[in-house]
Amino acid sequence: MLNLVFRGLATGSIYSLTAMGIVLVLSTTNVMNFAQGDMGMFLAFIAFALIMRNFPYPIAIISVVVIGLILGTLLERGLMSKVRKTSHLGMIIVTLALTMILEGLAGYFFGTTPLLFPPLLKGPPIQFAGVILDRQDLVSLAISGIVVLILFIILYRTKIGIASRSLAEDEYGARLLGIPIKSIYTFIWAASFGLAGLAGVMVAPKLSLEPSFMIVIQLKAFIAAVLGGMSSVVGAVVGGLILGVLENFIAYYIPQIKDSFSLILVVVVLLLLPEGLFGRRQARRA
Amino acid sequence: MLKIEDLHVSYGPIEALHGISIELEAPEVISILGSNGAGKTTLLKTISGILTPTKGVITLDGVVLNGMEPSKIVKLGVVHVPEGRHIFPNLTVKDNLILGGYFGNATQNRENMEFVLHTFPVLKERLNMKAGMLSGGELQMLALGRGLMGNPKLLLLDEPSLGLAPIITSEIFKTVKKLTKEKGFGVLLVEQNARKALDISDRGYVLVNGRIELSGKSEELKENPEVQKLYLGGKNVKSGI
Amino acid sequence: MKKITPIILLIIALFIPVFLRERPSLIYYINLSMIYAISAQGLNLLMGIAGQISLGHAAFMAIGGYTSAILVMSFHLPFIIALIGGILVACAFGVIIGFPALRLKGFYLAIATLALGNVVTDIIKRLKITGGDYGLRNIPPPSLFGFELQNNLSQFYLVLGCLLLVIFVTRNFIKSKSGMALQAMRDSETGARAVGINISNYKLLAFIVASAFAGLGGVLYAHSVTYLHPTNFGLGFSIDLLAITIIGGIGTLWGVVLGSFLWVLVRNLMGTGLEVLTGVLFGVILILVVLFLPRGLSEIFFRISNRFKSKEVQEK
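Residues numbered from 1 in each chain as written. Chains lettered and ligands numbered in written order. Predicted model: local features only at pLDDT ≥ 70, side-chain atom pairs only at ≥ 80, totals over all residues. Heavy atoms only, no water.

Visitor: For the overall build of chain C, give the residues involved together with the corresponding values.
Guide: Helix and strand content of chain C: 13 helices and two strands. By the compact-globule yardstick of 20 Å for 316 residues, chain C fits well, its C-alpha radius of gyration being 20 Å. Dimensions along the principal axes, computed over C-alpha positions, put chain C at roughly 60 × 55 × 45 Å. A burial count over chain C gives 54% of its 316 residues as buried. Within chain C, counting contacts between residues at least 6 apart in sequence, those at least 24 apart form 77% of the total. If you sum the accessible surface of chain C, you get close to 14,800 Å²; carbon and sulfur atoms cover 68% of it. A gap of 8 Å separates the mean positions of the 23 positive and 11 negative side-chain charges of chain C. (Helix = DSSP H or I, 4+ residues; strand = E, 2+ residues; numbered from the N terminus. Rg over C-alpha atoms; globule rule 2.2 N^0.38 Å. Buried < 20%, exposed > 50% of the residue type's maximum accessible area, 1.4 Å probe, protein only. Contact = heavy atoms within 4.5 Å. Areas by Shrake-Rupley, 256 points an atom, 1.4 Å probe, with all protein chains shown as cover. Lys, Arg positive; Asp, Glu negative; His and termini not counted. Charge placed at Lys NZ, Arg CZ, Asp CG, Glu CD.)

Given below as structure tokens:
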């Protein structure tokens, strides 16, 4: 029982990492970023290539996060800032195009045969109080925790973070205050692709590394975002964890519906509780 | 200080302002009167850089403002407190104030914050509340306070009395007048409640269909029969909306 | 002039197979392009006219294709009945999905259609009659009035006929009262509501017509490719259909045809070993279209034909 909960939390933490990136972009720019998962996939391949060349694990992780930050900056500066002027749908289409490009490039450079990504911590599963957990699960739980904390501090305690949240609420109001909207958008895309790198490296050891391995995770992350109400990063994390735990329980007790469970859940939630599972209403617009 | 010359502004093919000239010398309070759709808000939006004029020049201390990014204009000290306030409801009162001082350095912001909380003590009590929970009057104080955080040379106030009880409106207007004297900035006040606006302003302009029909000292405007009929509603006006 | 052009194009189209007699595989690709165009036209109608996004459009193709294949293979019904059956079942699912979609917008609608599309392929994977994970093989070719349309050539005319029908229906739909109402709604929902347009009915109608087109495309796909597998109709294919629509020109009548031909061309002309780069190329084209051709490839044709027209005027 407790075991199911913990395994669920571990799975959920993986959903959360991707969901945070999606919500970060969605809540500030109103763009549904389909490339979040595939950016993680692509960066995981780069991390894999570095590790195979005997770079230490931490260096590989830091490198891909930095590459993610750079790619995010380039995307906003080079593409999104231009498309934003013409059409909103255009920005979403660009993220779809990115998935095609990233999957194609990954397939071309690294092949489509699944690769085995070495776990961050080797060794037998850890046991405590009747709970058995893979070391990798502990790592992803810990990293998710740290990331949430860092993101929380940035979003709630720094000027640029507060400005990002204001942009999500009222872009006109933010413009009148002179908040440099372009820099904020760049910050958002960079941060979300940095997160994508982290997510990719966390997921890869649990699944096998291939160009399409993040698609399922991304779908689950979307669902986690919906469960969390789609407006706050914290909500996304909680949504991810809840989804992970629910899925583990369903897989254990009603394995017949485990594939479709999350999909049906999200449709039901969308229809009955469009504000997310916590249903906490947003403060009214002033 | 602020000089607007022959300003034309269009929305697509439709021209909203047909050649407007206004001057303001701080610490002066100027009211812009006019009915709905006269172009008052358009004027303020153009000064703060949200809209670009098709013709004409806006200068602040000799610096040309039109064509500048809104963020640059704010840095120069033109702060726009918009109609409907545009407070961020899910951010705390404190975060809203912090954003008002986005460009200031830490010391400056700390001093400004103290000043704002001293001027509007009620905000101090609500500092960590979500701004969406505030009452209408408190929201307007927050909007003003947020504007003050930006070290304004010129404050653009759009309909500050909107949705407020008459007593609160009077209080806020009194504060504005007092702040102008204390801090020495200029105020361009757009207001439906013409009587209250003229009470605190030094001069006024009457805007009709995108043109200035009348201008002059506030006392003179108050006595003008046309203004009385159209905007003051005769002698016995109920203030507030 | 305006009336003659389509007729000339139609005559050329009718003779294409005659020129390509020696290259039946080319005709197969042409057929495939037209089938994609038929399906994508549904999405075009939904997105371009009604302003609703769908990320599960391929699932409706699957529904149409599987229904028809099963009706022919397991129930031994004639193809024409199976065709109609496939379309009707797809429509029925369109209603089922359309109803919840009426309450959702933007991101929420995208997620809901994405999820429902996945549910459909999951169900197909689990059922016995659909061949489950194994897929359906050896689906018989279409037959009409007792003639079996065995080869690509004969199928060409069937598919072309269906495509023209779909375009004709779309054209009339755009000009009809419902089409006008939907376009009004796309541009301003509150505005449309204010003048008393009942949005829900029209949205639902758009979903049903879009599902019917996808269903028809699916039926033709099943019987000309002769093989169905649930994973072929997942998110990837839905995104491809969306890309076809955007690249061709969203909201235009013929754009999807251009988009489909380009897609099949890119996919099959890449050299061996470079197939994986198809996505890269298509993705880049998609971005270029978003940046420079908001009305898609059909914009190029508009510009060319406008140039011709202005020349004609000058010559006169």
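Visitor: Requested: an account of the environment of B:Pro70, with residues and values cited.
Guide: In this structure, B:Pro70 sits in helix 2 (residues 70-75). Each C-alpha atom of the pair B:Pro70 and B:Gly49 lies 4.7 Å from the other, and the pair is 21 residues apart in sequence. Not counting residues up to four positions away in its chain, the partners in contact with B:Pro70 are A:Arg175, A:Gly178, B:Ser48, B:Gly49 and B:Ile50.

Visitor: Residues and numbers for unusual backbone geometry, please.
Guide: The step from B:Ala26 to B:Pro27 runs through a cis peptide bond, and the omega angle for that step is 0 degrees. Tracing the backbone through its elements, the reader meets B:Pro27 in the loop between strand 2 (14-24) and strand 3 (29-33). Within the chain, B:His86 stands out as a residue other than glycine whose phi angle is a positive 50 degrees. Here B:His86 shows up in the loop between strand 6 (78-81) and helix 3 (93-100). Of note in the backbone geometry, C:Thr226 takes a positive phi value of approximately 65 degrees without being a glycine. Tracing the sequence through the fold places C:Thr226 in the loop between helix 9 (199-225) and helix 10 (235-248).

Visitor: Break down the packing of helix 9 (residues 215-227) of chain A against helix 11 (residues 258-272) of chain A for me, with residues and values.
Guide: The description of two packed helices rests on the angle between their axes and on the distance between the axes. Residues and elements named next belong to chain A. Taken N-terminus to C-terminus, the directions of helix 9 and helix 11 make an angle of 30 degrees; their axes are 10 Å apart at the nearest point. For the element pair helix 9 / helix 11, the angle class is roughly parallel. Here helix 9 runs over helix 11; the crossing is left-handed. Together, Leu 219, Lys 220, Ile 223, Val 226 and Leu 227 of helix 9 and Ser 262, Leu 263, Leu 265, Val 266, Val 269 and Leu 270 of helix 11 make up the contact between the two elements. Here the contact of helix 9 with helix 11 is built from residues that sort into nine nonpolar, one polar and one charged. (Axes fitted to C-alpha atoms, helices over the stretch in contact; angles between N-to-C directions. Parallel < 35°, antiparallel > 145°, perpendicular 65-115°, else oblique. Left-handed = near helix turned anticlockwise from the far one by under 90°. Nonpolar A, V, L, I, M, F, W, Y, C, P; charged D, E, K, R; others polar.)

Visitor: Which residues make up helix 3 (residues 57-86) of chain A, and what are the values?
Guide: All names here are of chain A. Given a rise of 1.5 Å per residue, 30 residues ought to cover 44 Å, and the 42 Å separating the end C-alpha atoms of helix 3 matches this to within 8%. The axis of helix 3 is deflected most strongly, by about 45 degrees, at Met 80. Taken as a whole, helix 3 has its buried residues at Tyr 57, Ala 60, Ile 61, Val 64, Gly 68, Gly 72, Leu 75, Glu 76, Leu 79, Met 80 and Val 83. (Expected span 1.5 Å × (residues − 1). Bend = angle between axes of the 7 residues up to and from the residue.)

Visitor: Just give me the short version of the sheet that holds strand 6 of chain B, but keep the residues and values in it.
Guide: Residues and elements named next belong to chain B. With mixed pairing, the six strands of this open sheet are ordered in space as 6-7-8-3-9-10. Bordering the open sheet on either side are strand 6 and strand 10 (211-217), each of which pairs with just one other strand. Strand after strand, the sheet turns through a mean of 15 degrees between neighbouring axes, direction not considered. The sheet contact formed by strand 7 (residues 154-158) and strand 8 (residues 186-190) spans five bridges and is parallel. Paired with Leu 156 across the strands is Leu 188, a residue of strand 8. Against the sheet, helix 1 (residues 40-47) engages strand 3, strand 6, strand 7, strand 8 and strand 9 (203-208), with an angle of about 150 degrees to strand 7. Taken strand by strand, helix 7 (residues 166-183) contacts strand 3, strand 7 and strand 8, and its axis lies near 155 degrees from that of strand 8. (Pairing = 2+ DSSP bridges.)

Visitor: Summarise the packing of aromatic side chains; cite the residues concerned and give the values.
Guide: What the rule picks out here adds up to 18 aromatic pairs over all chains. For the ring pair A:Phe45 and A:Phe110, a centre distance of 4.7 Å and an interplane angle of 15 degrees mean the geometry is stacked. You can see A:Phe45 sitting in helix 2 (residues 35-52) and its partner A:Phe110 sitting in helix 4 (residues 88-110), a full 65 residues away along the chain. Residue class for A:Phe110 comes out partly exposed when judged on its relative accessible area of 26%. Grouped by ring-pair contacts, the aromatic residues C:Tyr36, C:Tyr221, C:Phe233, C:Phe237, C:Trp263 and C:Phe282 constitute a single cluster. (Phe/Tyr/Trp six-rings, centres within 6.5 Å; stacked < 30°, edge-to-face > 60°.)

Visitor: Please provide a residue-by-residue account of the interface of chain C and chain A, values included.
Guide: Taken together, the contacts link 36 residues of chain C with 34 residues of chain A. Across the chain C-chain A interface, the total number found is zero salt bridges. The interface formed by chain C and chain A contains one residue pair in polar contact (both at pLDDT 80 or more). (Salt bridge = Lys/Arg side-chain N within 4 Å of Asp/Glu carboxyl O. Polar contact = N/O pair within 3.5 Å; in protein donor to acceptor, adjacent residues only side chain to side chain.)

Visitor: Describe in detail the interface of chain B and chain A, supporting the description with residues and values.
Guide: Between chain B and chain A, the contact holds 30 residues from the first and 26 residues from the second. Of the roughly 2,600 Å² buried at the junction of chain B and chain A (both faces included), carbon and sulfur atoms supply 61%. Contact with chain A buries surface across chain B, with B:Phe88, B:Asn90 and B:Tyr102 losing the most and accounting together for 25% of the total. Summed over the shared surface of chain B and chain A, the number is one salt bridge. At the boundary of chain B with chain A, the tally comes to six residue pairs in polar contact (both at pLDDT 80 or more). The set of elements that each furnish at least two residues to the side of chain B that touches chain A consists of helix 2, helix 3 and helix 6 (136-148) of chain B. Here the element with the most residues in the side of chain B that touches chain A is helix 3 of chain B; it accounts for four residues. Its residues assigned to classes, the side of chain B that touches chain A shows 14 nonpolar, 11 polar and five charged. (Buried area = accessible area lost by both parts, 1.4 Å probe.)

Visitor: Tell me what's going on with the pairing of strand 3 of chain B, and back it up with residues and numbers.
Guide: All names here are of chain B. Counting buried residues along strand 3, five of its five residues qualify, which places the element largely inside the surrounding structure. With burial as the criterion, each face of strand 3 is covered, one bearing Val 29, Ser 31 and Leu 33 and the other bearing Ile 30 and Ile 32. As defined by bridge partners, strand 3 adjoins strand 8 across four bridges and the pair is classed as parallel. Within the sheet, the bridge partner assigned to Ile 30 lies in strand 8 and is Leu 188. Pairing geometry for strand 3 and strand 9, over four bridges, is parallel. Among the inter-strand pairings, Ile 30 is bridged to a residue of strand 9, identified as Arg 203.

Visitor: Before we move on, could you go through helix 9 of chain A and cite the residues and values that matter?
Guide: Helix length check: helix 9 of chain A (13 residues) gives 19 Å between terminal C-alpha atoms against 18 Å at 1.5 Å per residue, within 8%. Among the 13 residues in helix 9 of chain A, 11 count as buried, and that is most of the element. When we look at burial in helix 9 of chain A, the residues that qualify are A:Ile217, A:Gln218, A:Leu219, A:Lys220, A:Ala221, A:Phe222, A:Ile223, A:Ala224, A:Ala225, A:Val226 and A:Leu227. Packing partners of the buried residues in helix 9 of chain A comprise helix 1 (2-29), helix 2, helix 8 (181-203), helix 10 (233-253) and helix 11 of chain A together with helix 5 (106-126) of chain C. At the C-terminal side of helix 9 of chain A, A:Gly229 shows a positive phi close to 90 degrees.

Visitor: Go over the side chain of A:Glu76 with me, naming the residues and quoting the values.
Guide: All names here are of chain A. Looking at where Glu 76 falls in the secondary structure, it is placed in helix 3. On the basis of relative accessibility, which here comes to 2%, the residue Glu 76 falls in the buried class. Ignoring any residue separated from it by four or fewer positions in sequence, one finds Glu 76 in contact with Ser 81, Arg 84, Tyr 185, Thr 186 and Trp 189.

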